[in-house]
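Descriptive structure summary
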Amino acid sequence: MSIGEWFAEFYVTMKARKVKHAGCFILIAPIYVPIDLDLLKRIMATDFTHFIDHRIYFNEKDDPLSAHLFALTGQKWRDLRVKLTPTFTSANMKLMLPIVIKVSQELITILNNDCQKGPVDVYDICVRFTTDVIANCAFGINCGSLVDLILHIHRT
């Protein structure tokens, strides 16, 4: 059993016991696990300043993408959160939703067509989907990498 599978089982067990939060140790590190959705929302929106240090491995130098909001700690976490918070307001999320739905519908069409032809490269399709969503939401560019197999903007 992997640590992820164990943790998922722990979460399901605690949720079945109807507890609002739980805790455990992984080796010598204490882990706090909020179970209640309202509690989790409060932590993520209001009390985030008290939950800045996470126990997720990241290596900014060799793997810069591993240094995301849920992995960073301390001042680096604060700085990134300050940058990202204005992007994900409820108004901006409402504006992004139609774009994500449109690209998702293209994904469904592509998968329906490709699955009938044979095996599908899921990684490649997910990369192209993500590229389209980010390009559309962040830059307003419809790069069409999901539909146009010749255009591989993500493989530069």
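So, here's what we can say about the structure. Please read these numbers as outputs of a predicted model, since none were measured by experiment.

This brings us to the overall build of the protein chain. A count of helices and strands for the protein chain gives five helices and two strands. In terms of C-alpha radius of gyration, the protein chain reaches 20 Å, well past the compact-globule figure of 15 Å for 156 residues. Once the C-alpha set of the protein chain is aligned to its principal axes, its extents read approximately 50 × 35 × 35 Å. For the protein chain, buried positions account for 24% of its 156 residues. Put simply, the protein chain shows about 11600 Å² of open surface, and 65% of that area lies on carbon and sulfur atoms. One way to put it: in the protein chain the 17 positive side-chain charges average out to a point 7 Å from where the 16 negative ones average out.

All right, on to unusual backbone geometry then. Even without glycine at this site, Lys18 takes up a positive phi of about 60°. Within the secondary structure layout, Lys18 lies in the loop between α1 (3–16) and β1 (21–26). With a relative accessible area of 73%, Lys18 lands in the exposed category.

In this section: a nonpolar patch on the surface. The grouping of Leu37, Leu40, Met44, Ile56 and Phe70 at the surface amounts to a nonpolar patch, some 460 Å² of accessible area in total. On the secondary structure map, Phe70 appears in the loop between α2 (37–45) and α3 (74–84).

This next bit is on the packing of aromatic side chains. Within the structure shown, the criterion is met by three aromatic pairs. Ring centres 6.5 Å apart and planes at 50° place the aromatic pair Trp6 and Phe7 in the tilted group. Their ring planes at 15° and their centres at 5.5 Å tell us that Trp6 and Phe10 sit as a pair that is stacked. Taken together, the residues Trp6 and Phe10, both in helix α1 and four residues apart, mark about one turn of the helix. One aromatic cluster is present, formed by Trp6, Phe7 and Phe10 through successive ring pairs.

Rules behind the numbers
Residues numbered from 1 in each chain as written. Predicted model: local features only at pLDDT ≥ 70, side-chain atom pairs only at ≥ 80, totals over all residues. Heavy atoms only, no water. Helix = DSSP H or I, 4+ residues; strand = E, 2+ residues; numbered from the N terminus. Rg over C-alpha atoms; globule rule 2.2 N^0.38 Å. Buried < 20%, exposed > 50% of the residue type's maximum accessible area, 1.4 Å probe, protein only. Areas by Shrake-Rupley, 256 points an atom, 1.4 Å probe, with all protein chains shown as cover. Lys, Arg positive; Asp, Glu negative; His and termini not counted. Charge placed at Lys NZ, Arg CZ, Asp CG, Glu CD. Patch = residues over 30% accessible without salt bridge, like charges linked within 9 Å, V, L, I, M, F, W, Y side chains within 5 Å. Salt bridge = Lys/Arg side-chain N within 4 Å of Asp/Glu carboxyl O. Phe/Tyr/Trp six-rings, centres within 6.5 Å; stacked < 30°, edge-to-face > 60°.

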